[in-house]
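Survey of secondary and tertiary structure
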Amino acid sequence: MAGEPQSDCLFCKIVSGDIPATIVRESETTVAFRDINPQAPTHVLVIPKVHYPDAASLAAAEPLIAADVLREAGEVAAEEKVDGSGYRIILNTGSGAGQTVFHAHAHVLGGRGLQWPPG
């Protein structure tokens, strides 16, 4: 059922505490943790605690939680002190776009120059 934890989902296991992560923020609806393969000095993932395969399905079903993910991404940027220099929020959708875990999540990247297009 949409929104329910999935037993085979890495991020659902992080939400439940079954898999450890370096958590930097947690709200009622989200968890933010450091990426294990950082692509920038600041690379934090912000995930909803509910399971949806991508950002579009999350936004369609739970728009307030989708907004929470974006708000928390901004809070992460402020706490990591990249809000002044600039940061990027990335929401990959589908394997062709680089999504490897099919649980909606936002990447918060900062702390270095982030040229466009990202390559």
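Figured I'd write up the structure that's included with this text. Here the structure is a predicted model, which is why all the values come from computation and not from measurement.

The final tally for this structure, using the stated rule, is five salt bridges. Measuring nitrogen to oxygen at the nearest pair gives 2.5 Å for the salt bridge that ties Arg 25 to Glu 79. One end of the pair, Arg 25, is in strand E1 (residues 23-26); the other, Glu 79, is in helix H3 (residues 63-79), and 54 residues separate them in sequence. Looking at Glu 79, the relative accessible area reads 42%, which means it is partly exposed. When the shortest N-O distance is used, the salt bridge between Asp 68 and Arg 71 registers 2.3 Å. Placement of the pair is Asp 68 and Arg 71 together in helix H3, with a separation of three residues, close to one helical turn. Judged by its relative accessible area of 13%, Asp 68 is buried. Three or more residues joined by partner-sharing salt bridges are found here, namely Arg 25, Glu 72 and Glu 79.

Conventions and cut-offs
Residues numbered from 1 in each chain as written. Predicted model: local features only at pLDDT ≥ 70, side-chain atom pairs only at ≥ 80, totals over all residues. Heavy atoms only, no water. Salt bridge = Lys/Arg side-chain N within 4 Å of Asp/Glu carboxyl O. Helix = DSSP H or I, 4+ residues; strand = E, 2+ residues; numbered from the N terminus. Buried < 20%, exposed > 50% of the residue type's maximum accessible area, 1.4 Å probe, protein only.

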